Structure formats: structure tokens, C-alpha cells
Amino acid sequence: MGAARGEIDEIVARYHDIGVRHVVALRGDPPGGIGTPYSTHPEGYRSSAELIAGIKKRFPDIEVSVSAYPEKHPESRDFDADIDMLEAKVDAGATRAITQVFFDNDLYFRYLERVRARGIAIPVVPGIMPMHNFKQARAFVTRAGTTVPEWLAEKFEGLDDDAETRKLVAATVVAGQVQKLAKHGVDTFHFYTMNRADLVFAICHLLGIRPSGAQKAA
């Protein structure tokens, strides 16, 4: 966002030079932030689909993941238009989608049904966010069109000044959400760490994931 094609191509080329072979290609937020009008650079890529096509043309060995929206992108006319955009990104070369954060697993499964009904077969990885700072995180995700259910808000009531308890609650809630998804066959997850990798590490431990020998040595 806000850059000419040549500048973006140069950045991707530098990534490729140092061995990066997997990128997440996003259109980017409007210059004025979420909720303000979106405009492209006069010499830039006009959409994420164009960006993906540009990456794959120059570097076919780079795998490209893209965004997906279980509750519809805030700027999309409707779900059909939203899935049209996902289909365009897949046609351009995307091989994986990562969803916007969601808190109701039914939203994810209903979205997956829509995607598969369209004939889109790429993996759709659920995006999971531990709400360790609930007020801040809720303000952030709702601007992007995510619904925060009342039951989740209730779990953080009275914890505005208790960061440690908020962290424990966030880890417990996310572990439960992931376990329920796993029971329905989901085996890959994307965590929005929000600069709290320690919390995600604890969640992984709760889920039974342990570092390998090589990771421990590192």
C-alpha cells in the first residue's frame, strides 16, 4: 500500500535473495486507517490479486498466502463479492488463505462451506487471536469487521487492571477454541501474536505441542 510497483518488486526480490520462499500478500489498509477511503498508488498494484500475479511472474518458487474473511471484508458488497475476490487471488497464484480473526467457530465453518461450494480448494487456515489486552484488541478487530461475542467480553469483566489474570483467561479461551476446531479436523492454525509470542507459546504447550530437540538446543 502506498508504494509503486518497482519498489514492491524490489522488496520481494530482496526477500527472495535471502532465501524467503513464502510470503503473505495483502492489499494493505487505507492510508488514513481502517474505515477511511482506500486508494492505490498511481504506479502501484491496484489489488492484492495483481500483487500476487506480479510476485508469481517474477518468482514462481515463492508460495503466496492471502487473507480471507469469515465475516466478509468490511468493504465488500456481499459475501459473493468477497469470495469473488478470494477466487481472483487463487487464480493469480495464491495457494493458502489465512482468515481474519474470529471467535465463533461456526463462522469459520460456514465460510469454508461457501468457499468449497465455489470450487476453491486451497487450505483456509483459521486466524486465532489471544485477547490478552481485551479492550485494545476488541477496538482493533471490530474496526476490521470482526464480531466480539458478549460471552467473551464477560470473561474479561473486572480485569482492566489485572494483566496477569487477563493473560491466563486469554490462553484458556484460545486453547478451548483451537481444541474444538481440531475436533472437526482442522490441523493448521495461524496465531495473531500481537507481539506476545510468550502467550502463544503457553497456548501451544496447553495444546500438547512441545519444542523439538533442535529447537530446545537453539
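Residues numbered from 1 in each chain as written. Predicted model: local features only at pLDDT ≥ 70, side-chain atom pairs only at ≥ 80, totals over all residues. Heavy atoms only, no water.

1. Overview of the sheet that holds strand E5 (residues 190-191)
The following threshold applies: Paired strands, as defined in this entry, are two strands with at least two bridges between them according to DSSP. Each helix corresponds to a stretch of at least 4 residues labelled H or I by DSSP, and each strand to a stretch of at least 2 residues labelled E; elements are numbered beginning at the N terminus. Whether two residues touch is decided by their heavy atoms; if any such pair falls within 4.5 Å, the residues are in contact. Between the N-to-C directions of two axes lies an angle of 0 to 180 degrees, each axis being a line fitted to C-alpha atoms and, for a helix, fitted only over the stretch in contact.
Strand order in this open sheet of 5 strands is E1-E2-E3-E4-E5, and the pairing throughout is parallel. The open sheet is flanked by strand E1 (22-24) and E5, the only strands paired with a single partner. Its contacts with the sheet place helix H7 (residues 163-183) against strand E4 (124-128) and E5, and it is angled at close to 160 degrees to E4.

2. Focus on the side chain of serine 48
Let me state the cut-off plainly: Here's how the labels work: a residue is buried when its accessible area is under 20% of the maximum for its type, exposed when over 50%, partly exposed in between, all with a 1.4 Å probe on protein chains only.
Structurally, serine 48 is set in helix H2 (residues 48-58). Looking at serine 48, the relative accessible area reads 8%, which means it is buried. What serine 48 contacts, discounting residues up to four positions off in sequence, is Leu26, Arg27, Met85 and Lys89.

3. Remarks on the nonpolar core
Applicable threshold: In this description, a nonpolar core means a group of buried Ala, Val, Leu, Ile, Met, Phe, Trp, Tyr and Cys residues linked to one another through side-chain atoms lying within 4.5 Å.
Membership of the largest hydrophobic core comes to 55 residues, with the highest contact counts inside it found for Ile55, Val64, Met131, Leu152 and Phe191. Residue contributions to this core peak at 7 residues, all from H7. Not counting residues within four places of it along the chain, the set of residues in contact with valine 64 comprises Val23, Ala25, Ile52, Ile55, Lys56, Ala94, Thr95 and Arg96.

4. Considering unusual backbone geometry
Look at methionine 194: it is not a glycine, yet its phi comes out positive at around 50 degrees. Within the secondary structure layout, methionine 194 lies in the loop between E5 and helix H8 (197-206). For asparagine 195, which is not a glycine, the phi torsion comes out positive at approximately 65 degrees. Turning to its location among the elements, asparagine 195 is positioned in the loop between E5 and H8.

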